[in-house]
Amino acid sequence: MTMITNTLASVLLYNHPAEQPRSREFTLSVNGAPVDTLHAEKADFAAFGCVEPVEVLVKCAFPAQGARVRPMSAGIAATVSGDSICFRMPGPGHVCVDVPGQKPLFIYADAPESDPPARTDPGVHYFEAGRIHRVDLLELKSGETLYLEPGAVLRANVRCSNSRDVKIRGRGILDGSCCDFKKGQRVRSVIFDRCEQVRVEGIIMIEPTSWMLLLGRCRHVRVDGIKQIGSVMSSDGIDICGSSHVLVENCCLG
């Protein structure tokens with residue numbers, strides 16, 4: 001990660017792997033600093049960290065006439081000129097740049113993490129930034145944490161059964177397209193089955209082949225601040241099945 005400080009607020013830039021596909025439609029800068037703008041099938045996206053208001057400039061590969069920043073309830077007015085869209089974000093939050101007739105651009109401005117785990121902590125599956133990590137199946141057990149450092153990309157399916165006190169957290173990317181090698185079989189990205197005291201927070205989930213996050217027969221779950229971009233008809237987002245005491249908040253599901 002890189003901290004950019006100028007006469008405006010500081011911006012934390014994430015170090016995404018060079019081989020992760022970039023957007024062909026958009027480029028982004030925040031407070032004058034270029035930010036990685038990444039490709040997904042149905043929407044492109046960019047992520048960075050901040051704590052104060054920031055100035056955002058989006059450059060498009062097409063005329064930006066009619067562009068809006070959503071949700072409209074955020075009250076963010078954009079200045080549009082030719083292929084450029086300028087606006088001010090009031091601080092951390094999730095917005096979508098919508099240009100009529102074009103794919104969306106999601107912008108994820110993250111607040112700083114509180115107490116991220118160290119890679120040497122017991123029970124932590126730590127995936128560092130700047131790399132694409134490929135794992136066929138990652139199984140979590142009681143007391144374990146899956147941590148995606150900001151800028152990390154993990155191509156894996158995650159499973160957890162009959163466990164408690166389990167966490168998935170970070171600001172990195174969980175890419176569900178890894179199941180392409182399974183001869184077209186559609187696989188759910190993350191499944192918690194009969195688990196208690198579960199937390200899923202902060203991560204970006206893209207390119208699922210089926211349901212993205214399934215909570216089956218779970219209790220006492222908090223899903224906070226995750227971002228999803230679904231690309232198939234049954235992406236579903238978050239499926240809460242036979243579960244209780246589940247809190248979902250601050251999420252951006254596209």
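Because the structure is predicted, anything quoted here is derived from the model rather than measured. (Residues numbered from 1 in each chain as written. Predicted model: local features only at pLDDT ≥ 70, side-chain atom pairs only at ≥ 80, totals over all residues. Heavy atoms only, no water.)

1. Focus: the overall build of the protein
- Per the secondary structure count, the protein includes zero helices and 27 strands.
- The C-alpha radius of gyration of the protein comes to 18 Å, within 12% of the 18 Å expected for a compact globule of 254 residues.
- With the C-alpha coordinates aligned to their principal axes, the bounding extent of the protein is approximately 55 × 35 × 35 Å.
- Every one of the 254 residues in the protein was classed for burial, and the buried ones make up 52%.
- For the protein, contacts bridging at least 24 residues in sequence account for 54% of all contacts bridging at least 6.
- As displayed, the protein offers around 11400 Å² of accessible surface, 49% of which is attributable to carbon and sulfur atoms.
- Taken together, the 28 basic and 29 acidic charged side chains of the protein have centroids lying 4 Å from each other. (Helix = DSSP H or I, 4+ residues; strand = E, 2+ residues; numbered from the N terminus. Rg over C-alpha atoms; globule rule 2.2 N^0.38 Å. Buried < 20%, exposed > 50% of the residue type's maximum accessible area, 1.4 Å probe, protein only. Contact = heavy atoms within 4.5 Å. Areas by Shrake-Rupley, 256 points an atom, 1.4 Å probe, with all protein chains shown as cover. Lys, Arg positive; Asp, Glu negative; His and termini not counted. Charge placed at Lys NZ, Arg CZ, Asp CG, Glu CD.)

2. A few points about the environment of Cys251
- The residue Cys251 is located in the loop between strand S26 (244–249) and strand S27 (252–253) in this model.
- The sequence separation of Cys251 and Ile76 amounts to 175 residues, and the corresponding C-alpha distance is 19 Å.
- In this structure Cys251 touches His94, Val223, Asp224, Gly225 and Ile226, once residues within four positions along its chain are discounted.

3. Focus on the pattern of salt bridges
- One pass over the full model with this rule turns up 18 salt bridges.
- By sharing partners, the salt bridges in this structure join Asp110, Arg171 and Lys227 into a single network. (Salt bridge = Lys/Arg side-chain N within 4 Å of Asp/Glu carboxyl O.)

4. Examining unusual backbone geometry
- In this chain, Arg70 is followed by Pro71 through a cis amide linkage whose omega measures 5°.
- Relative to the assigned elements, Pro71 resides in the loop between strand S8 (68–70) and strand S9 (79–81).
- Its identity is not glycine, yet Asn31 carries a phi of approximately 50°, on the positive side.
- Counting through the fold element by element, Asn31 comes out in the loop between strand S3 (26–30) and strand S4 (33–35).
- Non-glycine residue Asp115 carries a positive phi angle of around 50°.
- Mapped onto the fold, Asp115 is located in the loop between strand S12 (105–110) and strand S13 (124–127).

5. Notes on the sheet that holds strand S10 (residues 84–89)
- Across the sheet, five strands lie side by side as S4-S3-S7-S10-S9; this open sheet has antiparallel pairing. In the strand order of this sheet, the two ends are held by S4 and S9, each with one partner. Strand after strand, the sheet turns through a mean of 25° between neighbouring axes, direction not considered.
- Of the strand pairs in this sheet, S3 and strand S7 (residues 54–60) are connected by five bridges, and their pairing is antiparallel. (Pairing = 2+ DSSP bridges. Axes fitted to C-alpha atoms, helices over the stretch in contact; angles between N-to-C directions.)

6. Overview of the sheet that holds strand S15 (residues 145–148)
- Ordered in space as S13-S15-S17-S20-S23-S26, the six strands form an open sheet in which the pairing is parallel. The two strands at the open ends of the sheet, each matched to only one other strand, are S13 and S26. Within the sheet, the average angular offset between the axes of one strand and its neighbour, ignoring direction, is 5°.
- Bridge analysis of strand S20 (residues 196–201) against strand S23 (residues 219–224) gives five bridges, and the strand direction is parallel. Following the sheet pairing, Val198 is matched in S23 by Val221.

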